[in-house]
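Coordinate inspection notes
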Amino acid sequence: MLTEQHYKDGQILLIDKPLQWTSFQVVNKLRWGIRKTYGIKKIKVGHAGTLDPLASGLLVICTGKFTKRIQEFQGQVKEYTGTFALGGTTPSYDLETEIDQTYPTDHLTEKAIKEATSSFIGEIDQYPPVFSALKKDGKRLYEYAREGSEVEVTARKITIDTFEITRIALPEVDFRVVCGKGTYIRSLAHDFGKKLNSGAHLTALRRTRIGSFSVEDAITVQSFENQLPTKIETT
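A few points on the structure. (Residues numbered from 1 in each chain as written. Predicted model: local features only at pLDDT ≥ 70, side-chain atom pairs only at ≥ 80, totals over all residues. Heavy atoms only, no water.)

Along the protein chain, the regular secondary structure elements total 7 helices and 13 strands. Counting the 235 residues in the protein chain, one finds 46% classified as buried. If you take every contact in the protein chain between residues at least 6 apart in sequence, the share linking residues at least 24 apart comes to 71%. Surface summary for the protein chain: the accessible area is close to 12,700 Å², and the carbon and sulfur share equals 48%. (Helix = DSSP H or I, 4+ residues; strand = E, 2+ residues; numbered from the N terminus. Buried < 20%, exposed > 50% of the residue type's maximum accessible area, 1.4 Å probe, protein only. Contact = heavy atoms within 4.5 Å. Areas by Shrake-Rupley, 256 points an atom, 1.4 Å probe, with all protein chains shown as cover.)

Okay, here's the thing in structure tokens:
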């Protein structure tokens, strides 16, 4: 059983983040549980890569001295699965906002959909979504977006190692992506829709891997809380 010192010396916790939770909420919940269980005032807890509230899957959580390794984990290759909806776009590139434009999908074929993925393999330029937590002039991009202000977003170099379509049931297509640091799957959805002249937005996303860490080895927040000792053992 892990002790207070184990968490302070450093632990890597693999958590399967539920839908509707922010990554920050997961970190806060774990930190609160550790502090309450062991009666400590302060413990460092952080995550190695944000997942949007509308996404589920693997969060790598570091505690204590291991928080110094967060940047190391953030730079590792990540794998995602999910669903794009073709035929419509949203300002946020996902379901956070309503569809603002619709497009025909009658011209789409299975061959065209699968072949379009090749345009996104390797190092490419990608524009992050305006509805993102990136900062510009000290302000989050989503803050500009929500107040209706126009803001110029700069493209960034990202790397996509694998992009495959795993199911086609128009207007939905399922995918698997293996990519490097800084990749926005929402932007990939938007750009994929442009490539097909059909528009697209992200409707489901799950992170399945970060480096050698797999979501199959992750536990829920509830399971983590349940495995904490009910009281501090004393000798």
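After presenting the structure, the write-up continues.
Within strand S11 (residues 172–179), 6 of the 8 residues are buried, which leaves it mostly tucked inside the rest of the structure. As paired strands, strand S4 (residues 78–86) and S11 are joined by 8 bridges and run antiparallel to one another. Directly across from lysine 78, in S11, lies its bridge partner cysteine 179. In this structure, strand S10 (residues 156–169) lies alongside S11, joined through 8 bridges in antiparallel fashion. Bridge pairing in S11 places phenylalanine 163 opposite valine 177. Counting the residues between successive antiparallel strands, the hairpin from S10 to S11 contains 2 residues. (Pairing = 2+ DSSP bridges.)

Counting 26 residues, the largest nonpolar core has Phe84, Ile160, Phe163, Phe175, Ile185 and Phe192 as the members making the most contacts within it. Where this core is concerned, the elements lending two or more residues are S4, helix H4 (110–116), S10, S11, helix H6 (185–195) and strand S12 (200–210). With residues up to four places along the chain from it excluded, the contact list for isoleucine 185 reads Tyr80, Phe84, Phe175, Val177, Cys179, Leu202 and Leu205. Judged by nonpolar contacts, the second largest core, of 16 residues, contains Val27, Leu30, Val45 and Leu228. (Core = buried A, V, L, I, M, F, W, Y, C linked by side-chain atoms within 4.5 Å.)

Evaluated as defined, the whole model comprises 9 aromatic pairs. The interplanar angle of 80° and the centroid separation of 6.5 Å between the aromatic rings of tyrosine 7 and phenylalanine 224 together place this pair among those described as edge-to-face. Of the two residues, tyrosine 7 sits in helix H1 (residues 4–9) while phenylalanine 224 sits in helix H7 (residues 221–227), which places them 217 residues apart along the sequence. In this structure, tyrosine 7 and phenylalanine 224 share a single accessibility class: buried. A ring pair is formed by phenylalanine 84 and phenylalanine 163, whose centres lie 6.4 Å apart and whose planes are at 70°; its orientation type is edge-to-face. Highlighted residues: phenylalanine 84 in strand S4 and phenylalanine 163 in strand S10, separated in sequence by 79 residues. Of the residues examined, phenylalanine 84 reaches a relative accessible area of 0% and is grouped as buried. Residue phenylalanine 163 is classed as buried on the basis of its relative accessible area, which comes to 5%. Among the aromatic residues, those joined into a cluster by ring pairs are Phe84, Phe120, Phe163, Phe175 and Phe192. The ring of phenylalanine 66 has arginine 69 sitting right over it, with the charged end atom 5.4 Å from the ring centre. (Phe/Tyr/Trp six-rings, centres within 6.5 Å; stacked < 30°, edge-to-face > 60°. Lys NZ or Arg CZ within 6 Å of the ring centre and 35° of its normal.)

Counted at 1.5 Å a residue, the expected span for helix H2 (residues 23–38) with its 16 residues is 22 Å, and the 23 Å between its end C-alpha atoms agrees. Considered for burial, the residues of H2 that qualify are Ser23, Val26, Val27, Leu30, Gly33, Ile34, Thr37 and Tyr38. Seen along its axis, H2 keeps its buried residues to an arc of 130°; they face one direction. Opposite its buried face, H2 presents the exposed residues Phe24 and Lys36, each directed more than 90 degrees away. Next to the buried residues of H2 lie H1, strand S1 (12–17), strand S2 (45–47), strand S3 (55–63) and H7. Downstream of H2 by one or two residues, glycine 39 has phi in the positive range, about 65°. (Expected span 1.5 Å × (residues − 1). Arc of directions from axis to C-beta.)

Let us now look at the environment of valine 60. Its location among the elements puts valine 60 in strand S3. Judged by its relative accessible area of 0%, valine 60 falls in the buried class. C-alpha of valine 60 to C-alpha of valine 27: the two residues are 33 residues apart in sequence and 10.0 Å apart in space. If sequence neighbours within four positions are ignored, valine 60 has contacts with Ile12, Leu13, Leu14, Gly46, His47, Ala48, Phe73, Ile210 and Phe213.

Okay, the environment of glutamate 152 next. Checked against the element boundaries, glutamate 152 lands in the loop between helix H5 (141–146) and S10. Judged by relative accessible area, glutamate 152 falls into the exposed class, the value being 63%.

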